[in-house]
Each structure stands twice: as structure tokens, then as C-alpha cells.
Amino acid sequence: MTLTKASGFIAALALACAFPSAAAAADRFAEPGGDGAEPCAQSDPCDIATAVNDANQGDDITLLPGTYTPIVTLGIDLSSGFDPKFNLTIHGAPGARPVVNFSSSSASAFYITTGSSLRDVDVNVTGNSASAVGALNGGTLERVNAHASGTDGAACSVTNQSMVRDSVCWYSGSGGP
């Protein structure tokens, strides 16, 4: 192999290692009452917590139509500290907006962070000091309807270069958002 061919091969190999292939990303599906096992396939959807919280970077998560009532925060692993999920796309199915209802205290229901987006979903939270959606460090909310009620809550908590597009964040309850 000539030096030119060898350098080209090494450069291509370095690029392949630096940028994992899109094939590594998975399409995951959730449905209300879903009980499918990993990998949350379209033919066997799992529950919303498994679909979102067990996802890997780059995964696309489709929330099939219906009303979800998860009992855990989505998009972050609180069991090992504050371990957010990065580069996820979470969205409703075309033509049907899922509704995600949380009853929570002192936490965000959905965390969307660096490189992640939440689209075409309605999110509601009731509870004390709770947020329906937290968009942190570059997360994107698009066509999201977020509502919080209770005491001293917030519909959307947005920080550090996060983006909100074509969305509605509204609060009703006692105390101030």
C-alpha cells in the first residue's frame, strides 16, 4: 500500500471511529399500557418509562396515540444521581398527539437536554413545585402543549440555550410560576 493510500485509509478509519454510524440508533415505540420487552419494537411497544429512560443516544422514540400516566421522571436517571439522556428525539405519532399526565412533586416530569427534542406531545403535571417539561442545556420543545397546576409550579423550565418553538406553556394554580 502506498503512503497516500495508507493515509487515506487511516483518515477514513479515524472518521468512522469518531462518528458512530446512524445504524446504531434505534426506533423505539411506546403505548399506554405497553408491556413489550426491549427493544420496544413497533410490533411490541413498551411503556413510556422504558421507551424513554432505557433509550441510548440517537434513539427515536414514538409515543403512540393515547393517554400516558407514568410514575417516574422521563429523560433522566435519578437513581444514580442526575444522569440526563442526550440526543433523543421523542415525538407523537403522525396525526395523533399523545397526552402524558404526571402527578409529581418537586421535579420536572419530562427532561429534555443537549441535542434532544420533544415534539407533538401534550404534557400535564399536577403537584407541588413541579414542572411539566424541563428543557436544559440545548434541549428543544416543538409543538408541545405543557400545563402545570398545583402549588408553585411551572409549565416549562427552560435554561441554557434551549429552544421553544410553536409551543404553549401555561400554569394554573396557587402560588407563582
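These remarks concern the structure in this document. Values in this document were obtained by computation on a predicted structure and should not be read as measured data. (Residues numbered from 1 in each chain as written. Predicted model: local features only at pLDDT ≥ 70, side-chain atom pairs only at ≥ 80, totals over all residues. Heavy atoms only, no water.)

### Let's talk about the state of the cysteines
To keep things clear, this is the line we draw: Any pair of cysteine sulfurs within 2.5 Å is marked as a disulfide. Accessible area is worked out with a 1.4 Å probe on protein chains only. A residue is then buried under 20% of its type maximum, exposed over 50%, and partly exposed in between. Secondary structure follows DSSP: runs of H or I at least 4 residues long count as helices, runs of E at least 2 residues long count as strands, and numbering of each begins at the N terminus.
Enumeration according to the criterion identifies two disulfides in this entry. Between the sulfur atoms of Cys-40 and its disulfide partner Cys-46 the distance amounts to 1.9 Å. Taking the sign of the S-S torsion, 100 degrees for the link of Cys-40 and Cys-46, the bridge is right-handed. The burial state of Cys-40 is the same as that of Cys-46; both residues are buried. The disulfide that involves Cys-156 links it to Cys-169, with 2.0 Å between the sulfurs. Across the disulfide from Cys-156 to Cys-169, rotation about the S-S bond amounts to roughly -80 degrees, and the bridge is consequently left-handed. Residue Cys-156 is found in strand E12 (residues 154–158), and its partner Cys-169 is found in strand E14 (residues 168–174); the two are separated by 13 residues along the sequence. On the accessibility criterion, Cys-169 (36% relative accessible area) is partly exposed. Cysteine pairing in the protein chain follows 1-2, 3-4, where each cysteine in a disulfide is numbered by its order in the sequence.

### Structural notes on the packing of aromatic side chains
To keep things clear, this is the line we draw: Stacked, edge-to-face and tilted labels apply to pairs of Phe, Tyr and Trp rings (six-membered ring for Trp) whose centres lie within 6.5 Å, assigned for plane angles under 30 degrees, over 60, and everything in between, in that order.
Inspection of every chain in the model, using the stated rule, returns one aromatic pair. Both rings, one in Phe-102 and one in Phe-110, keep their centres 6.1 Å apart while their planes meet at 75 degrees; by these two values the pair is edge-to-face. Comparing Phe-102 with Phe-110 shows no difference in burial state: the two are buried.

### Things to note about the environment of Val-52
Heads up, the condition is: Contacts were defined at the residue level, with two residues in contact if any of their heavy atoms lie within 4.5 Å.
With respect to the secondary-structure elements, Val-52 resides in helix H2 (residues 48–53). Judged by its relative accessible area of 0%, Val-52 falls in the buried class. Sequence-wise, Val-52 and Leu-63 are 11 residues apart; in three dimensions their C-alpha atoms are separated by 9.6 Å. In contact with Val-52, other than residues within four places in its own chain, are Ile-61, Leu-74, Gly-75, Lys-85, Leu-88 and Ile-90.

### Re the pairing of strand E2 (residues 60–63)
So the rule is basically this: Paired strands, as defined in this entry, are two strands with at least two bridges between them according to DSSP. Call a crossover right-handed when, viewed with both strands pointing away from you, the route from the first strand across the helix to the second goes clockwise.
The pairing of strand E1 (residues 27–30) with E2 spans four bridges and is classified as parallel. Within E2, the position partnered with Ala-30 by the bridge is Leu-63. For the crossover that starts at E1, traverses H2 and ends in the parallel E2, the hand is right-handed.

### Comments concerning the pairing of strand E7 (residues 99–103)
Going residue by residue along E7, you find Val-100 and Phe-102 tucked away on one face and Val-99, Asn-101 and Ser-103 left uncovered on the opposite face. As paired strands, strand E3 (residues 67–68) and E7 are joined by two bridges and run parallel to one another. Looking across to E7, one finds that Tyr-68 is bridged to Val-100. Note that E7 and strand E9 (residues 117–128) share five bridges and pair parallel.

### Some remarks on unusual backbone geometry
Across the junction of Glu-38 and Pro-39, the peptide omega takes the value 15 degrees, indicating a cis bond. If you trace the backbone, Pro-39 turns up in the loop between E1 and H2. Despite not being glycine, Cys-40 has its phi angle at roughly 60 degrees, a positive value. Its place among the elements puts Cys-40 in the loop between E1 and H2. For Cys-40, a relative accessible area of 0% corresponds to the buried category. The phi angle at Asn-160 is positive, at roughly 40 degrees, despite the residue not being glycine. One can find Asn-160 in the loop between E12 and strand E13 (163–165).

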